[in-house]
Amino acid sequence: MPGKIAAAEYIRGAAMLGVVGIHAGAYSLAGPAVNVHLFALLEIFTRFSVPIFFFVSAFGLFYQYRPGAPFGYGRFFRRRAAAVLVPYLAWSLLYMAHNSWATGDVWPWEPPHLYEFLLFGLASYHLYFLVILMWFYALMPLWRAVVPPLAARPLPWLGALMSAQVWFNYWSCNVLPFGAEDYYADLALKHRLSYWVLHYVFVFLLGAVCAVRLEDFRSFAARRRRELGMFFAIALAAMLGRYYWLLGNGKDPEQAVNTVQQLSPEGVVYTLAVCLALFAVFDRPLSPALSYPLSLLARHSYAVYLAHPLVMFHLAAGLAAAGEALTPPVVAGFYAATVGVSLLFAAGLERLPAFGPLLTGSAPSKVKPGT
């Protein structure tokens, strides 16, 4: 098995910080007055976080399972189910139990609501990612057939795929109805953002192609580091420009962010820019002051991802009990505390011999999503 690429691991760690930022931004809406600039930092700057996890996952998969090499689908899927599906089900039930304890609601446990919650990642707002990831894993034979021709001519094919991605996302989010009269059709449409891999297929296949053409990708990133930094700055400016334009035209911060999100045209371009720019920055020797925290975040990123909403809930409850309003300084502290406590919690979970495999997919021979 080939060794890990440090840049991909560092990207995983940076993405984890971004995911926590997005969810901290949602809590900041409960403050007495939303600081639109802090909200932009937490919710717009970090919008690459979820799609870039798909980039890193595909990168790891195709770095390990090279096209043309022997591939056993059954063994592959069993390992991914142990690493993702089992923790997904365990955390879904845990979050459902926690929410029932906190609110007194028991209806999610009743069929057919229970099946809906488990099929579409509804037990907590972040679990949909694992549903989509399992679909990507289930379709691995398709990706293994598609990636070699993409990697042979990456620029025209990926350019066409990106254009198709922008069109599809716009159609799905703005044209296709979010409901139907038939019960099953209504479920399929209403929850499509929670399981349709087509919303993220471009960034996934981009990661796969970059892994297959790794040496070319590394050379390109090293030679074009400055240009990729400029591309990132322009893409971020487009995201922020649309956000502030929407604020100036009657939208509140939440409405603006829901428009300028990762599936928007600006969001797709921004995701591409961040994937390329972060790889260019991280694929070189870094100082210990930067490499150590990124490695630490990457090592625990999966467990932090799974646990941090639970940590946020109780930190927010503690702030409310203490009478602390979610002002900008408190939100910043809330974010930092969430990262720190989640890391400690994640490290503890991974050391539990009985519950580690159940809650984090960890085992003596550990397999993480995308590796």
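The rules behind these values
- Residues numbered from 1 in each chain as written.
- Predicted model: local features only at pLDDT ≥ 70, side-chain atom pairs only at ≥ 80, totals over all residues.
- Heavy atoms only, no water.
- Helix = DSSP H or I, 4+ residues; strand = E, 2+ residues; numbered from the N terminus.
- Rg over C-alpha atoms; globule rule 2.2 N^0.38 Å.
- Buried < 20%, exposed > 50% of the residue type's maximum accessible area, 1.4 Å probe, protein only.
- Contact = heavy atoms within 4.5 Å.
- Lys, Arg positive; Asp, Glu negative; His and termini not counted.
- Charge placed at Lys NZ, Arg CZ, Asp CG, Glu CD.
- Patch = residues over 30% accessible without salt bridge, like charges linked within 9 Å, V, L, I, M, F, W, Y side chains within 5 Å.
- Areas by Shrake-Rupley, 256 points an atom, 1.4 Å probe, with all protein chains shown as cover.
- Salt bridge = Lys/Arg side-chain N within 4 Å of Asp/Glu carboxyl O.
- Core = buried A, V, L, I, M, F, W, Y, C linked by side-chain atoms within 4.5 Å.
- UniProt positions renumbered as here; feature names shortened; annotations may be inferred.

1. Section: the overall build of the protein
- Scanning the protein for helices and strands turns up 18 helices and 0 strands.
- Taken against the 2.2 N^0.38 rule, which gives 21 Å for 371 residues, the C-alpha radius of gyration of the protein at 20 Å falls within 12% of a compact globule.
- Along the first, second and third principal axes, the C-alpha set of the protein runs to 55 × 55 × 50 Å.
- Evaluated residue by residue, the protein yields a buried proportion of 51% over its 371 residues.
- Expressed as a percentage of contacts within the protein between residues at least 6 apart in sequence, the contacts between residues at least 24 apart total 81%.
- Put simply, the protein has 25 plus and 17 minus side-chain charges, and the middle of one group is 15 Å from the middle of the other.

2. Here's the deal with the side chain of Ser92
- Of note, Ser92 is situated in helix 4 (residues 73-103).
- By relative accessible area, which is 0% here, Ser92 ends up buried.
- Dropping the residues within four chain positions of it, Ser92 is found in contact with Leu118, Ala123 and Leu127.

3. Digging into a nonpolar patch on the surface
- Together, Val86, Leu352, Phe355 and Leu358 make up a nonpolar patch on the protein surface, roughly 330 Å² of accessible area in all.
- Structurally, Leu352 can be placed in the loop between helix 17 (328-350) and helix 18 (356-360).
- A residue is classified by how much of its surface remains accessible, and Leu352, at 36% relative accessible area, is partly exposed.

4. Comments concerning the nonpolar core
- Counting residues in each nonpolar core, the largest one holds 116 residues, and the members touching the most others are Ile52, Phe54, Phe55, Trp143, Tyr200 and Phe279.
- Here Ile52 is in contact with Ile11, Ala15, Val274, Cys275 and Leu278, once residues within four sequence places are set aside.

5. Overview of the UniProt feature "domain: Acyltransferase" (unreviewed entry) in the protein
- Mapped onto the present numbering, the UniProt feature "domain: Acyltransferase" (unreviewed entry) falls on residues 7-346.
- Secondary structure within residues 7-346 divides into 77% helix and 0% strand; the distance between the first and last C-alpha atoms comes to 22 Å.

6. Looking at the pattern of salt bridges
- Enumeration over the complete set of coordinates arrives at 9 salt bridges.
- One salt bridge in this structure joins Arg12 and Glu9, with 3.4 Å as the shortest N-O distance. Residue Arg12 and its partner Glu9 are located together in helix 1 (residues 6-28), separated by 3 residues, close to a single helical turn. Take Arg12 and Glu9: they sit in the same class, and that class is buried.
- The partner of Arg213 in a salt bridge is Asp216, with the nearest N and O atoms 2.8 Å apart.
- Among the residues examined, Asp216 registers a relative accessible area of 43% and is labelled partly exposed.

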